[in-house]
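Residue-level listing of the chains:
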Amino acid sequence: MIDAGGTRDVRQPEDRRRETIACPASTDFAAATTPRMLWVELTSKCPFDCIFCSRELRRGKGSHLPFAVYSSLLEGLSDPRKLLLNCSGESTVYPDLIPAIERARATGASVELVSALASVPESLLGPLSQSGLGRLTVSIHAVSAEKFAEIYRHGSFDTLRARLERFLELCRADPWAEPAAPLVDLAFVAMDTNLTELRQVAALASDLALGEITIFPVMRRDQIPAQFPTELEVDGKRRPEFQERLRAAVRAAEESHAGIRFTLSNETLDAPAGGLGEVPIPYPATLPEGALIHSCEQNPWETAHVLSNGDVVACEALDRIPLGNLVEQPIGEIWHGPAYESFRARYRRGEVAECRACPWKRAYLPRARASEIVAARGLHAQLLYGWHEPHGENHIWSSQRAALVLEPRAGSRTLHLSGMLPPGEPTCPNQLEIRVNGTAAGEVTNPSQETMLFGVDVAVEPDAGDPWQIELRTSGVYRPAERGAPRHSNLCAAW
């Protein structure tokens, strides 16, 4: 629970330092200090010509992101959480790939890469396995030679399999190696012409002891030659009949390979748009009048894309609209510049046509700003960036850094925060820092190796102003998957 309390007298143990602060004015939906999740297009070059890809149409022969520009980007980031080093190109052709991964990992962020792998020279596999890469997603859309040639139009499945087997061999050679070898999973772009290949891809995953396949239904944003008439409507939306055929193919693969986790990406695209209320929900339909956009998978409060020419854009659907260029400005100036700030305001109000109709958005109907947030009631509109999707629990997990906003009650002098704080490293207790409108307000420390329940009251000056924008930040990054726990990226919780 997070509550902007009344004028009650709050007393804490004498050995706990308490700081009374004056909070400056703040605004709703302020962005993170710098982007926390970035898609960085190291290169827009690619030896493949996949049938569903518009890279050649959009990028031509392509180009590499200058390494000096990339380095300056990393130097300008504050607490990045995840760096995905690919966009439209095949990142393994980037000449400085290994140094790029190593420098990204040195920021403290997790680093991910997507590759078709069939064009990777065998000499790169060893350095790649030891680079600090956190996840390698291998794109496999076909197993049969004929279908592979039809889709990729370059390379062969035999080469892809040989590279993948060798890479896994290198990764598994020393399970205690530092840095740890990357997690490997598979991605499958689904079309009517390759649905029968999904079971064979699953069989490959099973043979190689890989546990996860993500299925991406084909999309067509640009005027590429392939039309996909049996998969997509004229306006680009999925045909319900194709979606049902796809689900049937996934069910068949699940039945044959029960040990593999299949994830059908963006299922909310086909969900009916229900009635909106004050709790943000997935809303694939066009935003109705009076509603606001709360977020999306690539929200402008904490995510950004960098193209190989240095352009910084909001997402791949808006990559023709640069909000700045890293050759001309550092990321901090772009991120807090007038173009980005204007975009965020228009995004929230649904004034950007692509965002208003975007099927990945979460939307809600605004109401008066609340003085408390109780996570058991669902994802609150005043939870800003850094919060994970709840899954029926009575708490909501945050990332290492998260923000929210509250309307203090009349005469409020106290902020109450209840939650769960995961453990830190054995020799380094995990510490939660609480900031109100940019100023340190309190802290919670977990010295144990177990998740700790806590409740804390933080004093705030009566004339602090409103609203209160609250930032929560833990000193340690807690990734349960790295500690043998079932969840994948939960760091901190409020409930």
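Residues numbered from 1 in each chain as written. Predicted model: local features only at pLDDT ≥ 70, side-chain atom pairs only at ≥ 80, totals over all residues. Heavy atoms only, no water.

Chemist: What is the right way to read the overall build of the chain from this model?
Modeler: If you tally the helices and strands in the chain, you get eleven helices and 23 strands. Across the 495 residues in the chain, those meeting the buried criterion constitute 52%. Sequence separation of at least 24 residues holds for 72% of the intrachain contacts in the chain that already meet a minimum separation of 6. (Helix = DSSP H or I, 4+ residues; strand = E, 2+ residues; numbered from the N terminus. Buried < 20%, exposed > 50% of the residue type's maximum accessible area, 1.4 Å probe, protein only. Contact = heavy atoms within 4.5 Å.)

Chemist: I keep staring at the pairing of strand 11 (residues 303–306) and nothing clicks. Help me out?
Modeler: The side chains of a regular strand alternate, first on one face of the sheet and then on the other. Side chains T303 and H305 project from strand 11 onto one buried face, and the interleaved A304 and V306 project onto a second face that is buried too. The sheet contact formed by strand 2 (residues 37–40) and strand 11 spans four bridges and is parallel. Each bridged residue has a counterpart across the sheet, and for W39 the counterpart in strand 11 is H305. The hairpin turn running from strand 11 into strand 12 (residues 311–313), its antiparallel successor, is four residues long, and G310 in that turn takes a positive phi close to 95°. (Pairing = 2+ DSSP bridges.)

Chemist: Would you explain unusual backbone geometry in this entry?
Modeler: Note: most residues except glycine have negative phi, and most peptide bonds are trans. Residue E178 is joined to P179 through a cis peptide bond whose omega torsion reads 0°. Position of P179 relative to the elements: it lies in the loop between helix 6 (157–172) and strand 6 (183–190). Phi is positive for D79, close to 55°, though the residue is something other than glycine. Looking at the secondary structure, you find D79 in the loop between helix 2 (67–75) and strand 3 (82–84). Despite not being glycine, L117 has its phi angle at roughly 70°, a positive value. Position of L117 relative to the elements: it lies in the loop between strand 4 (110–115) and helix 4 (122–129).

Chemist: Quick question: what am I supposed to make of the pairing of strand 2 here?
Modeler: Here strand 2 shows a buried face lined by M37 and W39 and a second buried face lined by L38 and V40. Pairing of strand 2 with strand 3, which is carried by three bridges, proceeds in the parallel orientation. Within the sheet, the bridge partner assigned to M37 lies in strand 3 and is K82.

Chemist: Sorry, what's going on with the packing of aromatic side chains here?
Modeler: Throughout the structure, instances matching the rule amount to six aromatic pairs. Within the aromatic cluster, the residues linked to one another by ring pairs are F48, F148 and Y152. (Phe/Tyr/Trp six-rings, centres within 6.5 Å; stacked < 30°, edge-to-face > 60°.)

Chemist: Can you help me understand the environment of P66 in this one?
Modeler: Examined against the element boundaries, P66 turns out to sit in the loop between helix 1 (55–59) and helix 2. Taking C-alpha positions, P66 is 8.2 Å from N309, a pair spaced 243 residues apart along the chain. When residues no more than four places from it in sequence are discounted, the contact partners of P66 are Y94 and S308.

Chemist: Could you clarify how one ought to interpret the confidence of the model for the chain in this entry?
Modeler: Predicted coordinates in regions of low pLDDT should not be interpreted in detail. Mean pLDDT over the chain: 87, with 88% of residues reaching 70 or higher. Note on residues 6–27: pLDDT under 50 across the span, and 48 contacts to partners over four residues away in sequence or across chains. Counting interchain partners and residues more than four positions distant, the pLDDT-below-50 stretch residues 485–495 has 55 contacts. (pLDDT = per-residue confidence, 0-100.)

Chemist: Any chance you could explain helix 3 (residues 97–106) here in plain terms?
Modeler: The periodicity of an α-helix, 3.6 residues per turn, causes residues three or four positions apart to be oriented the same way. What helix 3 keeps buried is the set L97, I98, A100, I101 and A104. Seen end-on, helix 3 carries its buried residues on one side only, within an arc spanning 160°. Residues of helix 3 that are buried sit in contact with helix 2, strand 3, strand 4 and helix 4. Just past helix 3, the residue G108 takes up positive phi, approximately 95°. (Arc of directions from axis to C-beta.)

Chemist: It is not clear to me how the environment of S412 should be interpreted in this structure. Could you clarify?
Modeler: For S412, the location among the structural elements is in the loop between strand 17 (401–406) and strand 18 (414–421). Taking relative accessible area as the criterion, S412 reaches 3% and is therefore assigned buried. A sequence separation of 41 residues divides S412 from S371, and the C-alpha atoms of the two residues are 9.9 Å apart. At 2.6 Å, the side chain of S412 forms a polar contact with the backbone oxygen of R409. (Polar contact = N/O pair within 3.5 Å; in protein donor to acceptor, adjacent residues only side chain to side chain.)

Chemist: Is there a simple way to explain helix 10 (residues 338–349) in this structure?
Modeler: Between the first and last C-alpha of helix 10 there are 17 Å, a value that for twelve residues agrees with the 16 Å anticipated at 1.5 Å per step. Among the residues of helix 10, those classed as buried are Y340, F343, R344 and Y347. Relative to the axis of helix 10, the buried residues are bounded by an arc of 100° and lie together on one face. Those residues of helix 10 hidden inside the fold are in contact with strand 10 (292–295), strand 11, strand 12, helix 9 (331–335) and helix 11 (353–356). Positioned one or two residues after helix 10, G350 has a phi angle of 75°, which is positive. (Expected span 1.5 Å × (residues − 1).)

Chemist: I would appreciate a short explanation of the pattern of salt bridges in the present structure.
Modeler: A side chain of one charge can pair with a side chain of the opposite charge if their charged atoms are brought near each other. Under the counting rule described, the total for this entry stands at 29 salt bridges. Here R239 and E233 are joined by a salt bridge, their closest N and O atoms 3.3 Å apart. E233 gets classed as partly exposed once you look at its relative accessible area, which sits at 32%. Each member of the salt-bridge network shares a partner with another, and the members are E41, R58, R59, D222, D319 and R320. (Salt bridge = Lys/Arg side-chain N within 4 Å of Asp/Glu carboxyl O.)

Chemist: I tried to follow the sheet that holds strand 10 on my own but got confused; where do I start?
Modeler: Pairing between the strands of a sheet is mediated by backbone hydrogen bonds and can be parallel or antiparallel. Pairing is antiparallel in the open sheet, where three strands are placed in the order 9-14-10. The two strands at the open ends of the sheet, each matched to only one other strand, are strand 9 (281–282) and strand 10. For strand 10 and strand 14 (residues 362–364), the ladder comprises three bridges, and the chain directions are antiparallel. The residue bridging L292 from the neighbouring strand is Y364, located in strand 14. Taken strand by strand, helix 10 contacts strand 10 and strand 14, and its axis lies near 115° from that of strand 10. (Axes fitted to C-alpha atoms, helices over the stretch in contact; angles between N-to-C directions.)

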